[in-house]
Amino acid sequence: MKRLRATLTLLVALLATPLQATEPVTEIIPSARAAELAPVLALLAGPGGSVSAYREQLVIRATPEKLAEIRRLLETLDRPLRNLLLVVRRGGGQASADSSAAARGRVVVTEGGTRLSASVQLQDSRQQTAQDDRYQLRAVEGSTVFIATGQDVPVLTVLPTPAGAVAGQAYVPAQSGVRVTPRLLADGQVLLDIAFVEARVEGAVIGRQGARTQITLPPGQWAPFARIETRTRHSGRGLASHQSGDTLAVTPLEIMVELLP
């Protein structure tokens, strides 16, 4: 019986050690951004833990392990926000090829008979252009900016009235662009959350398509994040002629971030 009691006492002592180590503790950390950071840090507090803001102070209740994680994250977040310069570059070019064929002739009637004269003209042309457009915008890390290009286009609208319907015209923005949210990481690199939107006008309808991605890059380095390809074909036929053409436009998009003082 004494040996059993000694074994139980040792077992209770062994079980009590980790329980005491994982009991929540409370710590108060000064922070000028306490109200802003408290909801973010609360996600790491774990079950039974909490993070609240009180007069530019963070009141943290968490286990020692979770408290260490919160402190490490706080070293990264609780610092002055940096000003950044975002540069988006639209490069690439456009290649087009056109061909045409036409026939011309005439019939001449003389005393000796009939004579036919005709000529055929063939034409083939190729053209290639290049572009390098850049858009710059200042931003504070963590904020979302939109670099847009485009124009307002007229769209036919029909408005119901008591007497029937009235047709009118309204100008709607058809803008393409890039929505970017930059964040500085602890290792000095920049994490970019990028959403690209392309607007196309087809008659009275404005269609939009886009994609979203995340990339990490060092400051001052270009990185590709999207590529746009547009191919158009046209053809026409007359009484004695034929025309056809093919145009391919390739536009790669790149982005770079510079740290401003």
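Our subject is the structure that appears above.
Within any chain, residue numbers begin from 1 and follow the written order of that chain's sequence. Local features are withheld for residues below a pLDDT of 70 in this predicted model, meaning they are given only at 70 or higher, and side-chain atom pairs are given and counted only at 80 or more; totals for whole chains, interfaces and linings count all residues. Excluding hydrogens and water, the side-chain figures rest on all heavy atoms present in the structure.

**A short note on the packing of aromatic side chains**
Piece 1. Working definition: rings of Phe, Tyr and Trp (its six-membered ring) pair if their centres are within 6.5 Å, and the pair is stacked with planes under 30 degrees apart, edge-to-face with planes over 60 apart, and tilted otherwise. A complete count under the given rule lists zero aromatic pairs for this structure.
Piece 2. Lysine NZ or arginine CZ positioned within 6 Å of the ring centre and within 35 degrees of the ring normal marks a charge as sitting over the ring. Between Arg89 and the ring centre of Trp222, over which it is positioned, the NZ or CZ distance is 3.9 Å.
Piece 3. One cation-aromatic arrangement involves Arg179 over Phe146; the distance from NZ or CZ to the ring centre is 4.8 Å.

**What to know about the pairing of strand β3 (residues 57–62)**
Two faces make up the sheet, and in a regular strand the side chains alternate between them.
Piece 1. Of the two faces of β3, only one is covered, namely that formed by Leu58, Ile60 and Ala62; the face formed by Gln57, Val59 and Arg61 stays uncovered.
Piece 2. Inspection of the sheet shows strand β1 (residues 25–30) paired to β3 by six bridges, in the antiparallel sense. Paired with Pro30 across the strands is Gln57, a residue of β3.
Piece 3. We call two strands paired when DSSP finds no fewer than two bridges between them. Numbered from the N terminus, helices here are DSSP runs of H or I no shorter than four residues, and strands are runs of E no shorter than two. In the sheet, strand β2 (residues 50–53) pairs with β3 via four bridges, with the strands oriented antiparallel. If you follow Val51 over to β3, its bridge partner there is Ile60.
Piece 4. Between β2 and the antiparallel strand that follows it, β3, lie three residues; Arg55 among them carries a positive phi value of about 50°. Exposure classes here rest on a 1.4 Å probe applied to the protein chains alone. A residue is buried below 20% of its type maximum, exposed above 50%, and partly exposed in between.

**Concerning the side chain of Thr181**
Piece 1. Turning to its location among the elements, Thr181 is positioned in strand β9 (residues 164–184).
Piece 2. Taking the relative accessible area as the measure of exposure, Thr181 reaches 10% and is therefore buried.
Piece 3. Distance and chemistry together define a polar contact, namely a pair of N or O atoms within 3.5 Å, with one atom able to donate a hydrogen and the other to accept it when in protein, and with adjacent residues in sequence counting only for side-chain atoms on both sides. Within the structure, the side chain of Thr181 is placed 2.6 Å from the side chain of Thr144, a separation counted as a polar contact.
Piece 4. For this analysis, residues touch if any pair of their heavy atoms sits within 4.5 Å. Contact partners of Thr181, with chain neighbours within four places excluded, come to Gly142, Ser143, Thr144, Leu191, Leu192 and Asp193.

**Focus: the pattern of salt bridges**
It is possible for side chains of opposite charge to pair when their charged atoms get near one another.
Piece 1. Just to be clear on terms, a salt bridge is a Lys or Arg side-chain nitrogen sitting within 4 Å of an Asp or Glu carboxyl oxygen. With the rule as written, the count across this model stands at four salt bridges.
Piece 2. One salt bridge connects Arg33 with Glu36, and the closest N-O pair in it is separated by 3.0 Å.
Piece 3. On the accessibility criterion, Arg33 (16% relative accessible area) is buried.
Piece 4. Taking relative accessible area as the criterion, Glu36 reaches 48% and is therefore assigned partly exposed.

**Brief notes about helix α3 (residues 64–77)**
Piece 1. For α3, which comprises 14 residues, the first-to-last C-alpha distance of 20 Å matches the rise-based estimate of 20 Å (1.5 Å per residue) to within 8%.
Piece 2. Within α3, burial applies to Leu67, Ile70 and Leu74. Seen along its axis, α3 keeps its buried residues to an arc of 60°; they face one direction. Those residues of α3 that are exposed and aimed more than 90 degrees away from the buried face are Glu65, Arg72 and Glu75.
Piece 3. Where α3 is buried, its residues contact β1, α2 (34–41), β2 and β3. Multiplying 1.5 Å by the residue count of a helix minus one yields the expected span of that helix. Here the arc refers to the set of directions running from the helix axis out to each C-beta atom.

**As for α2**
Piece 1. Buried within α2 we find Ala34, Leu37, Ala38 and Leu41. Taken around the axis of α2, the buried residues stretch over an arc of 115°, which confines them to a single face. Set apart from the buried face of α2 by more than 90 degrees, the exposed residues are Ala35 and Pro39.
Piece 2. Of the surrounding elements, those touching the buried residues of α2 are β2, β3 and α3.

**With respect to the environment of Leu58**
Piece 1. Among the structural elements, Leu58 can be located in strand β3.
Piece 2. On the basis of relative accessibility, which here comes to 0%, the residue Leu58 falls in the buried class.
Piece 3. Once the C-alpha coordinates of Leu58 and Arg33 are considered, the two residues, 25 residues apart in sequence, prove to be 8.9 Å apart.
Piece 4. Those residues in contact with Leu58 that lie beyond four places of it in its chain are Glu27, Ile28, Ile29, Ser31, Ala34, Ala38, Leu41, Val51, Ser52 and Leu74.

**Focus: the side chain of Glu141**
Piece 1. Tracing the chain through its elements places Glu141 in the loop between β7 (133–140) and β8 (145–161).
Piece 2. Within the structure, the side chain of Glu141 is placed 2.8 Å from the backbone nitrogen of Arg82, a separation counted as a polar contact.
Piece 3. Setting aside chain neighbours within four positions, we find Glu141 in contact with Arg79, Pro80, Leu81, Arg82, Leu84, Pro182 and Leu184.

**Focus on the environment of Phe225**
Piece 1. With respect to the element layout, Phe225 can be found in strand β12 (residues 223–237).
Piece 2. Phe225 gets classed as buried once you look at its relative accessible area, which sits at 13%.
Piece 3. Sequence-wise, Phe225 and Thr213 are twelve residues apart; in three dimensions their C-alpha atoms are separated by 7.6 Å.

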